[in-house]
Amino acid sequence: DTGSAAMAAFKKSSLVNMFVLFPKEGVSEVQRRQMTTFVDSHLQAVALEGDFDDCQSLVKQMFKDSVFKEKVTLSGVNSINWARILAQVVYYFSSAVAVGSPYRKVNFTVPTGNFGDIYAAYVAKKMGLPVGKLVIATNQNDILHRALSTGLYERKKLRKSISPSMDIQVASNFERLLYDLYNSDGCKIKAIMEKFLDNGKLHIDSDVMKVFGNHFASGAASEIGTEKTISESLEKYSELVCPHTAVGLHVADNYRIDKNQFPMITLATAHPAKFPESVKRITGIDPELPKQYNDLFSLQEHFVEKGNDLEEVKALIEMRTVK
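Residues numbered from 1 in each chain as written. Predicted model: local features only at pLDDT ≥ 70, side-chain atom pairs only at ≥ 80, totals over all residues. Heavy atoms only, no water.

Visitor: Looking at this model, I keep getting lost on the environment of L299. Mind explaining?
Guide: With respect to the helices and strands, L299 occurs in the loop between α13 (276-283) and β9 (304-306). A relative accessible area of 33% means that L299 is categorised as partly exposed. Along the primary structure L299 and V39 are separated by 260 residues, whereas in three dimensions their C-alpha atoms are 9.8 Å apart. Beyond its immediate sequence surroundings of up to four residues, L299 is in contact with R33 and T37. (Helix = DSSP H or I, 4+ residues; strand = E, 2+ residues; numbered from the N terminus. Buried < 20%, exposed > 50% of the residue type's maximum accessible area, 1.4 Å probe, protein only. Contact = heavy atoms within 4.5 Å.)

What follows is the structure, encoded as structure tokens:
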């Protein structure tokens, strides 16, 4: 989703060469076509063998290679870049004010895989927005829910779901939260994250867990729960929602059963037409694309396929950027 948005934003800028990595088998056809139907020579979609975590890992490795980073003047457009988080902070303030803030607290439930959007909510709270709880909503790839429930941040085998943008097992921005919770101890964070990369496990200290729990709650939506919520949203409210939004609504509803003292704002994250197969199977409705995408399926696609190989991707970028 970020990939297509970034390509649209930079479409008219000849000052930037943009490369968007996406998992070859990990996005819907609409999501893919939104990235691969640009004809501009400075925009390059790259279908990678692997999953989202593999794509993100390659990008992070590029940033660690200082020689390569300087050679191609590398920058990031997704939530690796702090500017992305900063922009997202804004709508937490505007939505909270819409339901009575700052005169009463509000809760937020955020469907999340990479922890960027809900981290922006945490930043808003730290800036003074009166927030009760920030509720982490995950799908069946529930590493963040398990971390808050048990204190163990453990990578497991990724399971494909009908909410593919949340099919993530290593939440990049969770490291930012840990940095804050560990009192900005960079050396400590570097050590524990390196250990996590080695064995896929990170035990969060008990005192840190207490602070973590003060700010956050969490829940996970199964595939069945997600599908049920899509159906119920349509039946009860005449709202057709995408699977990712349904994950958030499912978790928010379960949280509110016991804790209903503040208004709950749940973030809607995508248009249902991005996932037409799933939505039609569940509801019988074939969601229409917005008018500006009426020709999406008639446009020719332009992308390259690459293996999950750092040097292969770096070579592509160098070939297109270094004069």
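The rest of the description comes next.
Visitor: I'm lost on helix α3 (residues 52-64) in this one. Help?
Guide: Residues spaced three or four apart along an α-helix point in a common direction, a consequence of the helix completing one turn every 3.6 residues. The terminal C-alpha atoms of α3, which comprises 13 residues, lie 19 Å apart, in line with the 18 Å expected from a rise of 1.5 Å per residue. Turning to α3, its buried residues number three or more, namely D53, D54, C55, Q56, L58 and M62. Of the residues that open α3, the one with a side-chain oxygen 3.0 Å from the backbone nitrogen of D53 is D51. (Expected span 1.5 Å × (residues − 1). Polar contact = N/O pair within 3.5 Å; in protein donor to acceptor, adjacent residues only side chain to side chain.)

Visitor: Help me understand the nonpolar core in this model?
Guide: Membership of the largest hydrophobic core comes to 43 residues, with the highest contact counts inside it found for F108, F115, Y153, F174, F212 and F216. Contributions of two or more residues to this core are made by α5 (82-98), β3 (106-111), α6 (116-126), β4 (131-138), α7 (143-150), α8 (174-181), α9 (186-199) and α10 (206-215). Top element by residues in this core is α6. It accounts for seven residues. When neighbours within four sequence positions are excluded, F174 is seen to be in contact with N114, F115, L144, Y153, I204 and F212. Listed in part, the 12 residues of the second largest apolar core include C55, L58, V72 and L316. (Core = buried A, V, L, I, M, F, W, Y, C linked by side-chain atoms within 4.5 Å.)

Visitor: Explain the sheet that holds strand β7 (residues 216-220) here, please?
Guide: Working definition: the strands of a sheet are paired by backbone hydrogen bonds and lie parallel or antiparallel to each other. Strand order across the open sheet formed by four strands is β7-β4-β3-β8, with parallel pairing between neighbours. Looking at strand neighbours, the two that pair on one side only are β7 and β8 (264-266), the edges of this open sheet. If you compare each strand with its neighbour and ignore which way they point, the axes differ by 20° on average. As defined by bridge partners, β3 adjoins β4 across five bridges and the pair is classed as parallel. Along β4, the bridge assignment pairs F108 with L134. Relative to the sheet, α7 contacts β4 and β7, its axis offset from that of β7 by approximately 125°. (Pairing = 2+ DSSP bridges. Axes fitted to C-alpha atoms, helices over the stretch in contact; angles between N-to-C directions.)

Visitor: I'm lost on helix α2 (residues 29-36) in this one. Help?
Guide: Of all the eight residues making up α2, six are buried; the element is thus mostly covered by neighbouring parts of the structure. Elements that come into contact with the buried residues of α2 comprise α1 (2-9), β1 (18-23), β2 (43-48) and α13.

Visitor: Sorry, what's going on with the layout of surface pockets here?
Guide: Regions of empty space are outlined by a rolling probe, equal in size to a water molecule, passed over the atoms. When its volume is computed, the second largest pocket comes out at roughly 760 Å³. Lining the second largest pocket are 24 residues, and of these K60, K64, E175, M193 and L197 lie nearest its centre. Listed by contribution, the elements that provide at least two residues to the lining of the second largest pocket are α3, α8 and α9. Its residues placed into classes, the lining of the second largest pocket shows 10 nonpolar, six polar and eight charged. (1 Å grid on protein atoms, 1.4 Å probe; cavity = no way out; pocket = protein on both sides within 12 Å on 5 of 7 lines; lining within 4 Å. Points joined across faces, edges and corners; volume = space filled by probe spheres on them. Nonpolar A, V, L, I, M, F, W, Y, C, P; charged D, E, K, R; others polar.)

Visitor: Got a minute to help me understand the packing of aromatic side chains in this structure?
Guide: Pairs of aromatic rings are described using the distance from one ring centre to the other and the angle between the two planes. Per the stated rule, a full pass over the model turns up 11 aromatic pairs. Relative to Y92, the ring of Y91 has its centre 5.2 Å away and its plane inclined at 40°; by these criteria the two rings are tilted. Taking the centre distance of 4.7 Å and the plane angle of 35° together, the rings of Y153 and F174 count as tilted. Here Y153, found in strand β5 (residues 152-154), pairs with F174, found in helix α8; they are 21 residues apart in sequence, far enough to count as distant. Across the pair, F174 and Y153 agree in class, each one buried. Taking the ring centre of F68 as reference, the NZ or CZ of K314 above it sits at 5.2 Å. (Phe/Tyr/Trp six-rings, centres within 6.5 Å; stacked < 30°, edge-to-face > 60°. Lys NZ or Arg CZ within 6 Å of the ring centre and 35° of its normal.)

Visitor: Explain the pattern of salt bridges here, please?
Guide: When their charged atoms lie close together, side chains carrying opposite charge are able to pair. The final tally for this structure, using the stated rule, is 15 salt bridges. Two residues, K228 and E232, come together in a salt bridge whose shortest N-O distance is 3.9 Å. Placement of the pair is K228 and E232 together in helix α11 (residues 223-237), with a separation of four residues, close to one helical turn. According to the relative accessible area criterion, K228 is exposed, its value standing at 52%. Ionic pairing is found between E311 and K314, a salt bridge with its closest N-O pair at 3.6 Å. Taken together, the residues E311 and K314, both in helix α14 (residues 310-321) and three residues apart, mark about one turn of the helix. (Salt bridge = Lys/Arg side-chain N within 4 Å of Asp/Glu carboxyl O.)

Visitor: What's the story with the sheet that holds β2 in this structure? I'm lost.
Guide: The sheet built from three strands is open, its strands ordered β1-β2-β9 with parallel pairing. The outermost strands of the open sheet, each flanked by one partner alone, are β1 and β9. Here the strands of the sheet are splayed against their neighbours by 30° on average, with no regard to which way each runs. Bridge analysis of β2 against β9 gives three bridges, and the strand direction is parallel. If you follow V46 over to β9, its bridge partner there is V304.

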